[in-house]
Amino acid sequence: MDTEFCVLRIETGVYSVTNSSGHTFYIVEGDERAAVIDTGCTHGRSILPIIRQYTQKPLLLIITHAHSDHIYHMDEFDEVYMSHREFELPESFLQMMMEDKQLNLRSAKDVRTGDLIGLGGKTLEVLEVPGHTPGSIVLLEKQNHLLFTGDAIGSGNDVWMQWPSALPLDQYYPSLLQLLKWCVAHGGRMKLLGGHSRQCFGSHLLPYNPLSLGWLCDLIDLVDQVLQGKMIGQPSDVDIILEPEPPLCASYGRAMMQYMPSRVYTDK
Ligand SMILES: [Zn+2]
Ligand SMILES: [Zn+2]
């Protein structure tokens, strides 16, 4: 038995795959082809054999954003989609995200808000949610009301806005409002599936806190409070720090966010 990957069936033809580091990617099988959403980062392994246990359809890969735990296995796919807004990030940062690989990120096809990716019987609709990275996207699988959110709004734990790839909070706030409006315009009834599912299900560290539209509303409120100076975060205990400035952590309701005090407002 393979103990590296934990596979869960979400709906008919829809699976989540979580590796032992807690990175989650998804398989969405249509009648004609199957989409893989993100890849996780599993050193020394290929993810195709595990995917092939669940679908034999032609594959395409959709990357929610260019962090290593979402792109690492893109070289196993011929057809890849990713927002080209990720190329606003410094080349040195993108290179760091490839870890020990040389990935051809530029070979990915661009995706933008409103794009529809048909799989046969299932369709994925794209919405850009700039914030966690400039080119972060979410994907709605309309037939089963599933919203794949990558790291755009966290995974039931904290949103990481402290990384150098994140936009200032005054640019994140309108993205979140647009996401909420878009979700409501698409019926408002959907299950949210993040890029690190153990953060909301089965973590020994955290209480049960799955992503939901309620979480999104609390996050919007939280970001607004920080923008208005009504809330100032506490010193953060995150252990991956890429910048000399110490990050802060703020929470409100169900939502929590790491951020940099110097990246609340865009420099004028
Ligand atoms: Zn991630
Ligand atoms: Zn990320």
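See the structure above.
Here's what I pulled together on the structure shown here. (Residues numbered from 1 in each chain as written. Chains lettered and ligands numbered in written order. Predicted model: local features only at pLDDT ≥ 70, side-chain atom pairs only at ≥ 80, totals over all residues.)

### Overview of the overall build of the protein
- Within the protein, the secondary structure is distributed over five helices and 15 strands.
- Relative to the globule expectation of 18 Å for 268 residues, the C-alpha radius of gyration of the protein, 18 Å, shows essentially globular dimensions.
- Referenced to the eigenvectors of the C-alpha coordinate spread, the extents of the protein come out at roughly 50 × 40 × 40 Å.
- Classification of the 268 residues of the protein by burial places 45% in the buried group.
- Long-range contacts, defined here as pairs at least 24 residues apart, represent 64% of the contacts in the protein between residues at least 6 apart. (Helix = DSSP H or I, 4+ residues; strand = E, 2+ residues; numbered from the N terminus. Rg over C-alpha atoms; globule rule 2.2 N^0.38 Å. Buried ≥ 20, exposed ≤ 12 C-beta atoms within 10 Å, placed from the backbone. Contact = placed C-beta atoms within 7 Å.)

### A short note on helix α5 (residues 213-227)
- Here α5 contains 15 residues, and its C-alpha end-to-end distance of 21 Å stays within 8% of the 21 Å for a straight helix at 1.5 Å per residue.
- Within α5 the residues assigned to the buried category are Trp215, Leu216, Leu219, Ile220, Leu222, Val223 and Val226. Taken around the axis of α5, the buried residues stretch over an arc of 165°, which confines them to a single face.
- As for α5, its buried residues are in contact with β11 (158-160), α4 (169-185), β14 (248-252) and β15 (255-259). (Expected span 1.5 Å × (residues − 1). Arc of directions from axis to C-beta.)

### Thoughts on the sheet that holds β15
- Taken together, the four strands give an open sheet; going across it, the order is β11-β15-β14-β13, and neighbouring strands pair in mixed fashion. A single partner strand is all that each edge strand has here, and the edge strands are β11 and β13 (234-235).
- One ladder, built from five bridges, connects β14 with β15; its direction is antiparallel. Paired with Cys249 across the bridge in β15 is Gln258.
- Strands β11, β14 and β15 of the sheet are contacted by α5, whose axis makes an angle of about 125° with β14. (Pairing = 2+ DSSP bridges. Axes fitted to C-alpha atoms, helices over the stretch in contact; angles between N-to-C directions.)

### Overview of the packing of α4 against α5
- With their axes 10 Å apart at the nearest point, α4 and α5 run at an angle of 155° to one another. With respect to α5, the axis of α4 lies roughly antiparallel. Between α4 and α5 lies a crossing whose hand is left-handed. Of α5, the residues touching α4 (which contributes Leu169, Asp170, Tyr172, Tyr173, Leu176, Leu177, Leu179, Leu180 and Cys183) are Leu213, Leu216, Cys217, Leu219, Ile220, Val223, Asp224, Val226 and Leu227.
- Split into classes, the residues belonging to the contact of α4 with α5 amount to 16 nonpolar, no polar and two charged. (Parallel < 35°, antiparallel > 145°, perpendicular 65-115°, else oblique. Left-handed = near helix turned anticlockwise from the far one by under 90°. Nonpolar A, V, L, I, M, F, W, Y, C, P; charged D, E, K, R; others polar.)

### A closer look at the sheet that holds strand β12 (residues 191-194)
- Strand order in the open sheet formed by five strands is β7-β8-β9-β10-β12, and the pairing between neighbours is mixed. Unpaired on one side and paired on the other, β7 (116-118) and β12 mark the two borders of the sheet. Averaged over all neighbouring strand pairs, the angle between strand axes comes to 25°, with direction disregarded.
- Where strand β9 (residues 137-141) and strand β10 (residues 146-150) come together, three bridges link them in antiparallel fashion. Residue pairing in the sheet places Leu140 in a bridge with Leu147 of β10.

### A look at the nonpolar core
- Judged by nonpolar contacts, the single largest core of 71 residues is most densely connected at Ile63 and Leu219.
- If one sorts the elements of this core by residue count, α5 sits on top with seven residues.
- Contacts of Leu219, omitting those with residues within four sequence positions, involve Ile153, Val159, Leu176 and Ala255. (Core = buried A, V, L, I, M, F, W, Y, C linked by C-beta atoms within 7 Å.)

### Some details on the pairing of strand β5 (residues 59-62)
- The pairing of strand β4 (residues 34-37) with β5 spans four bridges and is classified as parallel. Bridge pairing links Val36 to Leu61 in β5.
- Here β5 runs beside strand β6 (residues 80-81); their pairing, made up of two bridges, is parallel. Each bridged residue has a counterpart across the sheet, and for Leu61 the counterpart in β6 is Val80.

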